[in-house]
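Residues per chain, in single letters:
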Amino acid sequence: MSAPDPLAPMEQKLQSLEQHRPLQQGEQQQQQQQQMPPHESSGQQVLRRFLLPVSECSMTLESILEDLRKDPWPVPSDKRVARCTGCALSVATSLLDLALPRSGARVMMFVGGPCTSGPGAIVSRLKTEDIRSHADLHRNAEPLHKPACEFYASLSKRHAVGGVKAKGAKGSTQAAANASASSMHVVDVFACSLDQVGLLEMGELVEATGGLMVLGDSFGQSVFKESLRRVFKTYEPDVPEDGGQMQMAFGATLEVLTSREFKVSGAIGPVSSLGKKAPNVSDLEVGCGGTNAWSLGGIDPSTTIAVYFDISNPGTSPLPEGKRRFIQFQTKYQHSNGRTRLRATTICGPWHNMPQEGQKSAPPPPGAGGFNSGMEQPNPVKMSFDQEAAAVLLARVAVERTESEDIADVLRWVDRSLIRLGAKFADYVPDDPSSFRLSPEFSLFPQFVFHLRRSQFLQLFNSSPDEACYYRYVLNRENTANSLVMIQPTLLSYSFNGAPQPALLDSQSVQPDTILLLDTFFHVVVFHGETTAAWREQRYHEQEEHVAFRALLEAPQADAQMIMDNRFPVPRYIVCDQHKSEARFLMAKLNPSVTHNSEGAAGAQGFTDDVLLRVF
């Protein structure tokens, strides 16, 4: 037998220490490369390390969310909480750009306060400095606003080609989201705070990617909880091809083709220009113009885009009789199941030649009917006018103009548009205001314009810059019916006299023995008259002999629930009584026909100097 080696125990200890010593940076990289599968890209590495299917990480994710606690780090009383919202959003979008460059995905950001640190900050941590207001933005007195807008715009153009009109700063031009890259990834913002969080600065990023905005007071409200749940709404199982699939799509693009007689002026909505210069692109730009193709980013069944056209055929050369116009909308998107779809919608219709200057009739004699009356044949343009759609299209243009013009100038433009419409299509006798008449196709349009002028879209009083941005963004992506509710809310009256009846949006509709249901899209208000509220306080509805009163109280609540069940974002539900503080949500929307200067008029008095609908 050979003698034992005295150095063997020492070598074993050195090997053990070598295995447990910290690896140097080069050795770590070498070891990681050995562990990685061959031919794995950087995106696949990110996908494998940071992103997993829900089926593999649901329990871990739930446990992380359940264990979340408020940051214990003390915050001085004279400072705001340190938030690096912009940096976090940049990291999230970068991960998706590397891991899923060609696949649809969403970044959902939940914000409870303003960004105060790093890129995208909108206010200092010192509470002595206030968050920007409308007056500060009007005077360009907010130094952090423009850099924050530029930072969030840069996130939307990281892989972009082409340009788009920027939403953050007046008169500037920024690059847009690319349909094949960054627009595949949608950025949603859920802001729940009593303070501003920076929606105004993040608005361009959300719009360029086709994302969603939800604004609430706290994360405990149904406005947030139900809205988040409805983002992942699926089709009914019996829907062909789409049964059980989520109602969302990614990387959507829209291209508009037209016949030669007219051209595309632009589009307004959650769009960004793809910079495609086609022969049917008009020099007159409306909204996002200069192209006939746009990137929509993420879309859902309720996404609506307003497209504006310009008639290129000169009025001196009338079109041949029977000539027809053609429009084709080509919408391409990636379905939630991963497949790419192309939908083509083609519309055609006849042209109508307006009478030439030499063919116009002379002014009518007194008592013989007014201008635009007594036509031998009805005017097809006049008969086919859709006043609801026209009001929404006018509202979108007005909202678009507020980004580069003063509110007073926009209001004057809206008034001039209404005057031009009345002069062209109304029946009237010159110098006789009492003879002014509008046909049924136009009769409601002045009311829509009146309520648009008083709406939160054109009036900035009692709203922050974040709220104004939120309201305008939702208006620009909703359909005609929902947009019309935002412009002119609906009002239902409940009483013992019969079934619920539509009521005029007027202060005279407020009666002490009725219940009103107001739907403004963002709020659903159940308003109890003075007498009805007193009966409820005395608990008459709990007595068997007052079953009818119990049914009267339950009817508007049931209808309000039906409204909220089919809407996104979920509106705020308000139950109020006459002469109470929350009654302001109703009174602010009513035509002030009864004011403190009215004598003996029925209805609720409104203390306001606003012009009446009749005077308007």
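Residues numbered from 1 in each chain as written. Predicted model: local features only at pLDDT ≥ 70, side-chain atom pairs only at ≥ 80, totals over all residues. Heavy atoms only, no water.

(A) Expanded view of the sheet that holds strand S1 (residues 105–111). Within the open sheet, the three strands sit side by side as S1-S4-S5. Their pairing is parallel. The sheet terminates laterally at S1 and strand S5 (213–216), the two strands that pair on one side only. Shown here is a sheet whose adjacent strand axes are inclined to one another by a mean of 10°, direction ignored. Looking at chain direction, strand S4 (residues 185–192) and S5 are connected through four bridges and run parallel. Bridge pairing links phenylalanine 190 to valine 214 in S5. Here helix H5 (residues 85–99) sits on the sheet and contacts S1 and S4; the angle it forms with S1, its principal contact strand, is near 165°. On the sheet, helix H8 (residues 199–209) packs against S1, S4 and S5 and is oriented at approximately 150° with respect to S4. (Pairing = 2+ DSSP bridges. Helix = DSSP H or I, 4+ residues; strand = E, 2+ residues; numbered from the N terminus. Axes fitted to C-alpha atoms, helices over the stretch in contact; angles between N-to-C directions. Contact = heavy atoms within 4.5 Å.)

(B) Geometry of the pattern of salt bridges. Summed over all chains, the structure comprises 18 salt bridges. In this structure, lysine 323 engages glutamate 261 in a salt bridge whose closest nitrogen and oxygen atoms are separated by 3.3 Å. Within this pair, whereas lysine 323 is found in the loop between strand S10 (306–311) and strand S11 (324–335), its partner glutamate 261 is found in the loop between strand S6 (249–258) and strand S7 (262–268), the two being separated by 62 residues in sequence. Salt bridges here are not isolated pairs; linked through shared partners, they connect Arg132, Glu201 and Asp466. (Salt bridge = Lys/Arg side-chain N within 4 Å of Asp/Glu carboxyl O.)

(C) Looking closely at the packing of helix H11 (residues 387–401) against helix H13 (residues 445–454). Packing of H11 against H13 brings their axes to within 9 Å, and their N-to-C directions diverge by 30°. When the interaxial angle is binned, H11 and H13 end up roughly parallel. Like other packed secondary-structure pairs, H11 and H13 cross with a definite hand, here right-handed. Each of Gln387, Glu388, Ala390, Ala391, Leu394 and Ala395 in H11 lies in contact with H13, whose residues at this interface are Phe445, Phe448, Val449 and Leu452. Taken together, the residues that form the contact of H11 with H13 break down as eight nonpolar, one polar and one charged. (Parallel < 35°, antiparallel > 145°, perpendicular 65-115°, else oblique. Left-handed = near helix turned anticlockwise from the far one by under 90°. Nonpolar A, V, L, I, M, F, W, Y, C, P; charged D, E, K, R; others polar.)

(D) Summary view of the sheet that holds strand S12 (residues 340–350). The five strands lie next to each other as S8-S9-S6-S11-S12, forming an open sheet whose pairing is antiparallel. In this open sheet, the two edge strands, each paired with only one partner strand, are strand S8 (272–273) and S12. Where S11 and S12 come together, 11 bridges link them in antiparallel fashion. Counterpart to tyrosine 333 in the pairing with S12 is arginine 341.

(E) Region of the structure containing the pairing of S1. On S1, burial follows the alternation: Ala105, Val107, Met109 and Val111 on one face are buried, whereas Arg106, Met108 and Phe110 on the facing-out side are not. Looking at chain direction, S1 and S4 are connected through seven bridges and run parallel. Bridge pairing in S4 links methionine 109 to valine 189. (Buried < 20%, exposed > 50% of the residue type's maximum accessible area, 1.4 Å probe, protein only.)

(F) Expanded view of the side chain of threonine 520. Inspection of the secondary structure puts threonine 520 in the loop between strand S17 (515–519) and strand S18 (523–528). Ignoring sequence-local partners within four residues, the contact set of threonine 520 consists of Val485, Met486, Pro489 and Lys589.

(G) Expanded view of H5. With 15 residues, H5 extends 21 Å from end C-alpha to end C-alpha; this agrees with the ideal 21 Å at 1.5 Å per step. Within the sequence span of H5, burial applies to Thr85, Gly86, Leu89, Ser90, Thr93, Leu96, Asp97 and Ala99. (Expected span 1.5 Å × (residues − 1).)

(H) The packing of aromatic side chains, seen in detail. Overall, the coordinates contain 18 aromatic pairs when judged by the stated rule. Consider the rings of tryptophan 535 and phenylalanine 549, whose centres lie 5.8 Å apart with planes at 85°: the pair is edge-to-face. Here tryptophan 535, found in helix H16 (residues 530–537), pairs with phenylalanine 549, found in helix H17 (residues 547–565); they are 14 residues apart in sequence, far enough to count as distant. Classification of phenylalanine 549 as buried rests on a relative accessible area of 4%. Following the ring pairs from residue to residue traces out a cluster consisting of Phe110, Phe190, Phe219 and Phe224. Positioned above the aromatic ring of tryptophan 351, the side-chain terminus of arginine 325 is 5.9 Å from the ring centre. (Phe/Tyr/Trp six-rings, centres within 6.5 Å; stacked < 30°, edge-to-face > 60°. Lys NZ or Arg CZ within 6 Å of the ring centre and 35° of its normal.)

(I) Fine view of unusual backbone geometry. Here the bond from phenylalanine 568 into proline 569 is cis, since omega is -5°, no more than 30 degrees from zero. Relative to the assigned elements, proline 569 resides in the loop between H17 and strand S19 (572–577). For asparagine 140, which is not glycine, the phi dihedral falls at a positive 55°. Mapped onto the elements of the fold, asparagine 140 is located in the loop between helix H6 (134–138) and helix H7 (145–156). For asparagine 140, a relative accessible area of 70% corresponds to the exposed category. Even without a glycine there, the phi angle at asparagine 462 is positive, about 65°. Within the element layout of this structure, asparagine 462 appears in the loop between H13 and helix H14 (465–475). Judged by relative accessible area, asparagine 462 falls into the exposed class, the value being 70%.

(J) The nonpolar core, seen in detail. Residues Leu89, Tyr152, Val189, Phe445 and Phe522 are the most contacted members of the largest nonpolar core, which totals 64 residues. Looking at which element gives the most residues to this core, the answer is H11, with eight residues. Once residues lying within four places of it in the same chain are set aside, the contact partners of phenylalanine 445 are Phe385, Gln387, Ala390, Ala391, Leu394, Leu418 and Leu421. If you look at the next biggest cluster of nonpolar residues, it comprises 16 residues, including Ala252, Val264, Ile299 and Tyr333. (Core = buried A, V, L, I, M, F, W, Y, C linked by side-chain atoms within 4.5 Å.)

(K) Local environment of the environment of glutamine 387. Structurally, glutamine 387 is set in helix H11. Taking the relative accessible area as the measure of exposure, glutamine 387 reaches 8% and is therefore buried. Separated by 59 residues in the primary sequence, glutamine 387 and proline 446 have C-alpha atoms spaced 9.5 Å apart. Residues within four places of glutamine 387 in sequence aside, it is in contact with Pro440, Glu441, Phe442, Ser443, Leu444, Phe445 and Phe448. Here the side chain of glutamine 387 touches proline 440 through a polar contact of 3.3 Å, landing on its backbone oxygen. (Polar contact = N/O pair within 3.5 Å; in protein donor to acceptor, adjacent residues only side chain to side chain.)

(L) Here's a closer look at H14. By the criterion of burial, H14 is predominantly enclosed, with 10 of the 11 residues buried. Taken residue by residue, H14 has Pro465, Asp466, Ala468, Cys469, Tyr470, Tyr471, Arg472, Tyr473, Val474 and Leu475 as its buried positions.

(M) Seen up close, the pairing of strand S15 (residues 490–495). Strand direction decides the pairing type here: S15 and S17, joined by five bridges, are antiparallel. Its bridge partner lying in S17, threonine 490 is registered against aspartate 519. As judged from the three bridges shared by S15 and strand S16 (residues 498–502), these two strands associate in the antiparallel manner. Within S16, the position partnered with serine 495 by the bridge is glycine 498. In sequence, S15 turns back onto S16 through a hairpin of two residues.

(N) Representation of the environment of glycine 422 within the structure. Considering the arrangement of structural elements, one finds glycine 422 in helix H12 (residues 407–425). Between the C-alpha atoms of glycine 422 and leucine 438, which are 16 residues apart in sequence, the distance is 7.7 Å. If we ignore the near neighbours within four places in the chain, the residues touching glycine 422 are Tyr428 and Phe436.

By themselves, these figures tell us nothing about what the structure is for.
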